[in-house]
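Examining the three-dimensional arrangement
Each chain, written out:
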Amino acid sequence: TIAKDLAPNTVHTKITWQKSMPSSSDIYRYKQEAKSMKPQTNKLKRKIDLYGDTRVLTIRNQKRGKIDKRMLHRIPMGRMDLFKADLIKEDKPLDVCLLVDESGSMGSYTMSKARMAAISLKESLADNPMLNLWVFGHTADSSDRGVTEMTEYWSPTMKDRPMAMGGMRAKYENRDGSAIIASADRVKRQATNQGTNKLMIVLSDGAPSAAGYRGHTAYSHTASCVKHCEARGWNIIQVGFAGSTKSVMSQCFTNWVYVDDTDKLGDKVSKIIRKVIKV
């Protein structure tokens, strides 16, 4: 369950989790879609694969430190600022969570676009040793009214089925705010280093909707859950597809971007990631 003060009401607090077990067709779909998204994956790698860099910054004209050989010619001038200091700057590790809307409103077409985007992001990030990556899907109310149903597709503790994301599909309803809270809690429990930067990318059609969770009620609850997580160190970005509108996205999320064509994924998503996490 999630805390009652974070739930949309006192009834809808239950969360269920399962780990995806891909079929042979899911694996085939993953391979095909990863191949078709390869150009965008390569672009994402170039533009956001910055974590793990070690940079040496040299500060010159210091009065103490290591002698700066480039300044030796100034000794006869009586200059005392002949030294330099080297600063080593390393990126902090980053926890990344991809959260994919698997509701019925996503449909087969929108779901395929969101899945392809998620696969491309996963392929571009999973090999970076400075990143911990989680990929979750969410739906609601299929087994019982009021239940938010989460699926784990990839995580630091679940790497034995790397193509499980091929099984992502449109299912039932979506209680976005509850799914965001559940994802943040799951990452917190599994993360080995609590001092890392945190980034959650929510891929959806921008319309939270479930039993007792529609319209303004759903939008305001999603927004409050986003703000709750942001106050606890998360940076959250929504990547909207198909039915997403500026009006709904701006009501629910602080940071969002609309992707009308997966061929624009690399440019649009890398740009907002760099802006939000300031790299």
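Per-chain numbering applies: the sequence of each chain, read as written, is numbered from 1 onward. In keeping with the predicted nature of the model, local features appear solely for residues at pLDDT of at least 70, side-chain atom pairs appear and are counted solely at 80 or more, and the whole-chain, interface and lining totals rest on all residues. For the side-chain quantities, the full set of heavy atoms in the structure was used; hydrogens and water were omitted.

Examining the layout of surface pockets
When its volume is computed, the largest pocket comes out at roughly 260 Å³. Here a cavity means grid points, on a 1 Å grid over the protein atoms only, where a 1.4 Å probe fits yet cannot get out; a pocket means an open set of points with protein on both sides within 12 Å along at least five of seven lines; lining residues are those with an atom within 4 Å of a point. Forming the walls of the largest pocket are eleven residues, and the residues nearest its centre are Ala184, Asp185, Lys188, Arg232 and Trp234. Going through the elements one at a time, helix 4 (176-190) and helix 5 (215-230) are the ones with two or more residues in the lining of the largest pocket. Among the elements that make up the lining of the largest pocket, the one with the highest residue count is helix 4 (four residues). In this classification, the charged set is Asp, Glu, Lys and Arg, the nonpolar set is Ala, Val, Leu, Ile, Met, Phe, Trp, Tyr, Cys and Pro, and all remaining amino acids, among them Gly, are polar. Counted by class, the lining of the largest pocket contains five nonpolar, two polar and four charged residues. Grid points are joined across faces, edges and corners, and a volume is the space filled by probe spheres set on the points. Every helix listed is a DSSP run of H or I at least four residues long, and every strand listed is a run of E at least two residues long, numbered separately from the N terminus.

Side note on the packing of helix 1 (residues 24-36) against helix 3 (residues 107-125)
As a rule, the C-alpha atoms of each element are fitted with a line to give its axis, helices using only the stretch in contact, and angles between N-to-C directions run from 0 to 180 degrees. Running from N to C, helix 1 and helix 3 cross one another at 75°; their axes reach a closest spacing of 9 Å. Regarding the angle of helix 1 to helix 3, the classification is roughly perpendicular. Across the interface between the two elements, Arg29, Tyr30, Glu33, Ala34 and Ser36 of helix 1 pack against Arg115, Met116, Ile119, Lys122 and Glu123 of helix 3. Across the contact of helix 1 with helix 3, the residue classes tally to four nonpolar, one polar and five charged. With respect to orientation, any angle under 35 degrees is reported as roughly parallel, any angle over 145 as roughly antiparallel, any angle of 65 to 115 as roughly perpendicular, and every other angle as oblique. By definition, residues are in contact when any of their heavy atoms lie within 4.5 Å.

Things to note about helix 4
Each helix should span, by expectation, one fewer than its residue count multiplied by 1.5 Å. The terminal C-alpha atoms of helix 4, which comprises 15 residues, lie 21 Å apart, in line with the 21 Å expected from a rise of 1.5 Å per residue. Residue burial is assigned from relative accessible area. The probe radius is 1.4 Å, only protein chains are included, and a residue is buried under 20% of its type maximum, exposed over 50%, and partly exposed in between. Taken across its 15 residues, helix 4 has eleven buried, putting it largely inside the fold.

Structural notes on the environment of Tyr258
The residue Tyr258 is located in strand 10 (residues 255-258) in this model. Overall, Tyr258 belongs to the partly exposed group, its relative accessible area being 27%. Measuring from C-alpha to C-alpha, the distance between Tyr258 and Met37 comes to 18 Å, with 221 residues separating the pair along the chain. Those residues within four positions of Tyr258 in sequence are excluded, and the remaining contacts are Gly240, Phe241, Ala242, Ser244, Met249 and Lys268. N or O atoms within 3.5 Å of each other form a polar contact, as long as, within protein, one can give a hydrogen and the other can take it, and as long as residues adjacent in sequence are counted only when both atoms are side-chain atoms. A distance of 3.0 Å separates a polar atom in the side chain of Tyr258 from the backbone oxygen of Ala242.

Section: the packing of aromatic side chains
The rule is short: rings of Phe, Tyr and Trp, with Trp giving its six-membered ring, pair when the centres are within 6.5 Å, and they are stacked under 30 degrees, edge-to-face over 60, tilted in between. Inspection of the entire model under this criterion finds one aromatic pair. Relative to Phe136, the ring of Trp17 lies with its centre 4.9 Å away and its plane at 75°, an arrangement referred to as edge-to-face. With Trp17 in strand 1 (residues 15-19) and Phe136 in strand 6 (residues 131-140), this residue pair connects regions lying 119 residues apart in the sequence. By relative accessible area, Trp17 is classed as partly exposed at 25%. Overall, Phe136 belongs to the buried group, its relative accessible area being 0%. Two thresholds decide whether a charge sits over a ring: the Lys NZ or Arg CZ must be within 6 Å of the ring centre and within 35 degrees of the ring normal. Residue placement shows Lys122 over the ring face of Trp154; its charged tip is 4.4 Å from the ring centre.

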